[in-house]
Amino acid sequence: MEQYGGDHLDFQNGVFHGPVVGKHEEHHHSPAVPTALFGLPPRPPGFTGRDAEVDAVLAALDPGGGSGAGVVLSAGMGGVGKTALAVAAGHAALARGRFAGALFVDLLGYSTPVPPETALGSMLRALGVPAERLPAETRDLAVLYRSMLHRRAAEHGGPILVVADNASSVDQVEPLLPGDDRGRLLITSRDVLHPLPARRLELFVLSPASSVALLVAQLRVNDPADPRTGADPAALTRVAELCAGLPLAVRGAASARGRGSARRKRPGDPGRKSSTLVDRRSVVNYG
Ligand SMILES: Nc1ncnc2c1ncn2[C@@H]1O[C@H](COP(=O)(O)OP(=O)(O)O)[C@@H](O)[C@H]1O
Ligand SMILES: [Mg+2]
């Protein structure tokens with residue numbers, strides 16, 4: 001028996017019954033899997049107006065509200081501003097401390113619909129589950145997803161908001177429903193997705209005044225010193241009218257004006273055809 005006299009830290013002060021020739025250690029750590037609990041895209045640049053709509057979404061999302069399904073569906077036509085509203089409302093809800101995090105998934109329902117198992121897989125990875133631990137069955141993925149949402153909520157001291165953009169069918173979103181009372185799922189869709197249990201908020205085109213405000217904001221995003229933002233109200237109103245209250249068209253017009261091409265708009269442009277829509281007021285409906 002001898003006392004170890006070397007300078008290897010692990011062996012110091014040890015008593016060894018025989019000559020020491022080496023020491024073998026094995027460490028079995030799972031690699032740390034990062035969580036990604038702040039997955040909302042950035043707030044759209046120059047986000048303008050929609051105050052009542054943002055408030056309606058916030059009220060429907062309120063985890064303290066305890067009213068119904070925990071699912072909010074923002075429905076409206078393409079280009080009307082559903083994604084922008086969902087992202088802006090998501091950021092506002094986070095800023096108010098109502099959620100400990102937010103996951104975002106684009107279900108691509110109107111191009112190449114993402115199947116639920118793919119959406120669940122990407123959200124589970126964001127929740128910190130390693131890819132190789134994902135179960136094979138959609139049912140099991142959904143169970144793990146609800147459990148992980150619950151666990152992260154407990155760890156981080158607040159529910160996690162899930163935003164599912166561009167859902168085109170109930171099948172795409174049903175497996176994404178949160179399991180507990182405080183979890184919230186915010187869906188955008190061009191359809192009403194019956195019979196999904198959800199608080200339905202329909203998003204309409206902008207009023208003419210809101211369209212002008214959006215146009216000015218977008219011109220400022222492109223060039224804060226753009227002289228046209230304050231100069232010619234009649235021209236701004238006319239361009240806004242041609243956009244038929246669609247934010248997508250207004251944004252396009254703002255960029256086109258920036259390149260000096262707005263005056264080339266001709267009769268027969270899609271914006272002009274649907275310009276009768278311009279009188280529809282921007283309102284929020286409950287269903
Ligand atoms: N309130 C708004 N303020 C600023 N930009 C907006 C607003 N609403 C929509 N946009 C912009 O208009 C375009 C179309 O809106 P989007 O949210 O993508 O429409 P949808 O999701 O309904 O198809 C996007 O570029 C978006 O950023
Ligand atoms: Mg969208």
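Predicted model, so just to flag it, every value in this text is computed and none were measured.

Chemist: An account of the overall build of the chain is requested, with residue identities and associated values reported.
Modeler: When helices and strands are tallied, the chain shows ten helices and eight strands. The 287 residues of the chain split such that 35% are buried. Put simply, 72% of the contacts in the chain that link residues at least 6 apart link residues at least 24 apart.

Chemist: Talk me through the nonpolar core; I want residue IDs and the actual numbers.
Modeler: The biggest cluster of nonpolar side chains holds 69 residues, and the ones touching the most others in it are M123, A164 and L215. The dominant element in this core, judged by the number of residues it contributes, is helix α2 (residues 82-95), at seven residues. Three or more residues apiece are contributed to this core by two domains, here domain 1 (51-203) and domain 2 (208-286). When near neighbours in sequence (up to four residues on either side) are disregarded, A164 contacts V105, L107, V173, L176, L185 and I187.

Chemist: Pulling in residues and values, what's your account of the site of ligand 1?
Modeler: In the vicinity of ligand 1 lie 18 residues, with G81, K82, T83, A84 and P247 positioned nearest. Every element with two or more residues in the shell around ligand 1 is listed here: α2 and α9 (247-258). When grouped by side-chain class, the residues that make up the shell around ligand 1 number seven nonpolar, eight polar and three charged. Two domains share the shell around ligand 1, each providing at least three of its residues, namely domain 1 (51-203) and domain 2 (208-286).

Chemist: Now, about the confidence of the model for the chain: what can you tell me, with residues and values included?
Modeler: Any residue range with low pLDDT should be treated as having predicted coordinates unsuitable for detailed reading. When pLDDT is averaged across the chain, the result is 84; 80% of the residues are at 70 or more. Note that residues 257-287 has pLDDT below 50 and, in this model, 45 contacts with residues that lie over four places away or in other chains.

Chemist: So, the packing of helix α1 (residues 51-61) against α2: which residues are in play, and what are the values?
Modeler: Close contact between α1 and α2 brings their axes to 9 Å; oriented N to C, the two are set at 60 degrees. Considering the angle they form, α1 stands oblique to α2. Read as a crossing pair, α1 and α2 show a hand that is right-handed. On α2, the residues touching E53, V54, V57, L58 and L61 of α1 are L85, A88, A89, A92 and A93. Classifying every residue of the contact of α1 with α2 by side-chain character gives nine nonpolar, no polar and one charged.

Chemist: I'd like a description of the environment of R151, backed by residues and values.
Modeler: Assignment of secondary structure puts R151 in helix α4 (residues 138-156). The class of R151 is partly exposed, set by 13 C-beta atoms lying within 10 Å. C-alpha separation for the pair R151 and L127, spaced 24 residues apart in sequence, amounts to 9.3 Å.

Criteria and thresholds
Residues numbered from 1 in each chain as written. Chains lettered and ligands numbered in written order. Predicted model: local features only at pLDDT ≥ 70, side-chain atom pairs only at ≥ 80, totals over all residues. Helix = DSSP H or I, 4+ residues; strand = E, 2+ residues; numbered from the N terminus. Buried ≥ 20, exposed ≤ 12 C-beta atoms within 10 Å, placed from the backbone. Contact = placed C-beta atoms within 7 Å. Core = buried A, V, L, I, M, F, W, Y, C linked by C-beta atoms within 7 Å. Domains from an automatic or database assignment. Near = placed C-beta within 6 Å. Nonpolar A, V, L, I, M, F, W, Y, C, P; charged D, E, K, R; others polar. pLDDT = per-residue confidence, 0-100. Axes fitted to C-alpha atoms, helices over the stretch in contact; angles between N-to-C directions. Parallel < 35°, antiparallel > 145°, perpendicular 65-115°, else oblique. Left-handed = near helix turned anticlockwise from the far one by under 90°.

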